[in-house]
Amino acid sequence: MFASFQSKQLNNFYCRIKAEPVLVVKDILVYELVDSQFPNSIIDTVRGQPVAEYRHVALDSAGNGFVFDLQNKKIAFSVGPSEYIKD
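I will try to describe carefully the structure that is included in this document. (Residues numbered from 1 in each chain as written. Predicted model: local features only at pLDDT ≥ 70, side-chain atom pairs only at ≥ 80, totals over all residues. Heavy atoms only, no water.)

To continue, consider the overall build of the protein. Along the backbone of the protein there are zero helices and nine strands. Order of helices (α) and strands (β) in the protein, N terminus to C terminus: β-β-β-β-β-β-β-β-β. In terms of overall size, the protein behaves like a compact globule, its C-alpha atoms giving a radius of gyration of 12 Å where 87 residues would be expected to give roughly 12 Å. Projecting the C-alpha coordinates of the protein onto the three principal axes gives extents of approximately 35 × 30 × 25 Å. (Helix = DSSP H or I, 4+ residues; strand = E, 2+ residues; numbered from the N terminus. Rg over C-alpha atoms; globule rule 2.2 N^0.38 Å.)

Okay, structure coming up:
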């Protein structure tokens, strides 16, 4: 069903995700953000201007969280130690 993804380092980085991973890359599980009627994509900005939009987060076996670029199948950026909380 659903789960939550919370960065322990960035308190305001909290996402609702689908409980099952959509991709497994080595020791990284990639999860998709829950579909919503409200905009809930992760927007990356440079100097206040949007440069990329993401719909996936990832968690490695050491508990480190990432925003994941599914199209290019690579980590976009780290959000530090994170927690997966299944509902």
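Once you've had a look at it, read on.
So, about the nonpolar core. Residues Phe-5, Phe-13, Cys-15, Ile-17, Ile-42 and Val-57 are the most contacted members of the largest nonpolar core, which totals 14 residues. At the level of secondary structure, the elements contributing two or more residues to this core comprise strand 1 (2-7), strand 2 (14-18) and strand 7 (56-60). If we skip the residues at most four places from it in the chain, Cys-15 touches Ala-3, Ser-4, Phe-5, Leu-33, Ile-42 and Val-57. The next biggest cluster of nonpolar side chains, apart from the first, holds five residues, and it includes Val-30, Ala-58, Phe-66 and Phe-68. (Core = buried A, V, L, I, M, F, W, Y, C linked by side-chain atoms within 4.5 Å. Buried < 20%, exposed > 50% of the residue type's maximum accessible area, 1.4 Å probe, protein only. Contact = heavy atoms within 4.5 Å.)

Burial runs high along strand 1: five of the six residues are buried. Where strand 1 lies against strand 2, five bridges are found, and the strand directions are antiparallel. Counterpart to Phe-5 in the pairing with strand 2 is Cys-15. Between strand 1 and strand 2, which pair antiparallel one after the other, the connecting turn spans six residues. (Pairing = 2+ DSSP bridges.)

Applying the stated criterion across every chain, the model contains three aromatic pairs. Here Tyr-54 and Phe-77 contribute two aromatic rings whose centre-to-centre distance is 6.0 Å and whose plane-to-plane angle is 75 degrees, an arrangement assigned as edge-to-face. In this pair, Tyr-54 sits in strand 6 (residues 49-54) while Phe-77 sits in strand 9 (residues 74-86), placing the two residues 23 residues apart along the sequence. Of the residues examined, Tyr-54 reaches a relative accessible area of 11% and is grouped as buried. For Phe-77, a relative accessible area of 26% puts it in the partly exposed group. (Phe/Tyr/Trp six-rings, centres within 6.5 Å; stacked < 30°, edge-to-face > 60°.)

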